[in-house]
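Residues per chain, in single letters:
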Amino acid sequence: MRDSAGSGDTAMTHARRRDPILESGGGPEVRHAPSTEAELVDILRESAPHTTFRIRGAGTWTSVTERICADATLDLSRLRGITAYVPGDLTLTARAGTLLSEIAEVTRANGQWLPLDPWGGSTGTLGATLATASAGPLAATIGLPRDAALGLTIVDAAGIRTTAGGRVVKNVAGFDLVRLQVGAWGTLGILTEATVRLRPLPAVDRSCAIQLLENAGLAELITSLRQLTLGPLALEAVNSTLAATIGLPPAAMLLVRLGGSPRAVAQTLDQLLRHPGAHEISSSIWPTLAATESDGAAGVRYSVRPSQWPSLWTAVVDAGDATTRVHATPSRGIVRVVAPAALQDRVRQSTVSAGAMEIVEGAGPGVRGLPALRALGRRVRDAFDPHRRLNPGVMDDDRS
């Protein structure tokens, strides 16, 4: 639904901040920090048609936004707060700048959670997580950010406010604009508010680590885990360097997270601990693992069919060195590498024989799709932002 009159209160007088600041890579920029959606609409409508904007949330993706050369910054950190929460429906609506940690605190009181675990610390925002479609180990079993998003409010480059989806779990009306916007990095519109689907918080949350012995028997190990009494909430393999970083013995490990009733979790954990090299670990390992992702990390994701991940894992781990951090989600066939660019070249060569698809995270120049898909992407962007006002340089195939 489009609201050509903005959010309905554009007649209000807005005390807008315009603080000149210096942003790296782009020279002097004007900074706008709207505190309401109506202010954001006014900023876009009152600026020149070709004024470009860098969209900024909590500022945790500076490695990406440094590539943007824009006339102004739209700081959305003041668009913050939960606007609706219906525990009985397992739905919550919040403004884009709301921190995931704030949502976790509110929902935990009702035995619920929003199972989005993007890489990075707890300072990530709901808007950035959806806009970048950032997902962690939970995505393999609970779903991706696009699955959690029920409805979005977006302001496009012309200052037109649009709502998509709704506030209920079963909502199938109309074109799925929500899925188009999730992962678009703000290039198709500025996400200002989102309604998300919550889940019941597991009664018990326990984890264990199983040492991967010389990268052998990986497929058999994963197959055996599928036969557990209770399916894991998350499975994530880490190489020895990453294991040591998060406080585990310096050896390749498979981390297993279990959630559910105390009895089911205890039975399954007992099965897991029969594996050689298995031991229980604190479930705090998961936020610790996510927080190892430093800002500016050069992450590259390789993916194959899940049945092929053992050979891809072995090739990537063997190509790295003592500084390379590698982790993998076996059920998604994904192996992710965090290493300097020079070492990434060596890793990249090792994945060629495995037939892996490569994605350079950050939606920057490394992201390249098939020519037909790139042409489709340009047409979609032409429809939403023909002048490339929003985040120019991000997911911008025009320059390739």
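Refer to the structure above for everything that follows.
This part takes up the overall build of the protein. The secondary structure content of the protein amounts to 14 helices and 20 strands. Taken over 400 residues, the protein has a buried fraction of 50%. Of the contacts made within the protein by residues no fewer than 6 positions apart, 70% connect residues no fewer than 24 positions apart.

Let us look at empty space enclosed by the protein. To find the voids left in a structure, one rolls a probe of water-molecule size over its atoms. All told, the structure shown has one cavity of 30 Å³ or more when counted by the stated rule. In this structure, the largest cavity spans a volume of roughly 30 Å³. Looking at the largest cavity, the residues that line it are Trp119, Leu242, Leu289, Thr292, Glu293, Arg325, His327 and Val338. Among the residues making up the lining of the largest cavity, the classes are represented as four nonpolar, two polar and two charged.

When helix α12 (residues 309-319) is considered as a whole, its buried residues turn out to be Trp309, Pro310, Leu312, Trp313, Ala315, Val316 and Ala319. The inward-facing, buried residues of α12 abut α8 (218-225), β14 (234-238), β17 (299-303), β18 (325-329), β19 (334-338) and α13 (341-352).

Bringing the pattern of salt bridges into the picture now. Evaluated as defined, the whole model comprises 10 salt bridges. In this structure, aspartate 75 engages arginine 31 in a salt bridge whose closest nitrogen and oxygen atoms are separated by 2.4 Å. You can see aspartate 75 sitting in strand β5 (residues 72-75) and its partner arginine 31 sitting in strand β3 (residues 27-32), a full 44 residues away along the chain. Look at aspartate 75 and you get buried, because its relative accessible area is 0%.

Rules used throughout
- Residues numbered from 1 in each chain as written.
- Predicted model: local features only at pLDDT ≥ 70, side-chain atom pairs only at ≥ 80, totals over all residues.
- Heavy atoms only, no water.
- Helix = DSSP H or I, 4+ residues; strand = E, 2+ residues; numbered from the N terminus.
- Buried < 20%, exposed > 50% of the residue type's maximum accessible area, 1.4 Å probe, protein only.
- Contact = heavy atoms within 4.5 Å.
- 1 Å grid on protein atoms, 1.4 Å probe; cavity = no way out; pocket = protein on both sides within 12 Å on 5 of 7 lines; lining within 4 Å.
- Points joined across faces, edges and corners; volume = space filled by probe spheres on them.
- Nonpolar A, V, L, I, M, F, W, Y, C, P; charged D, E, K, R; others polar.
- Salt bridge = Lys/Arg side-chain N within 4 Å of Asp/Glu carboxyl O.

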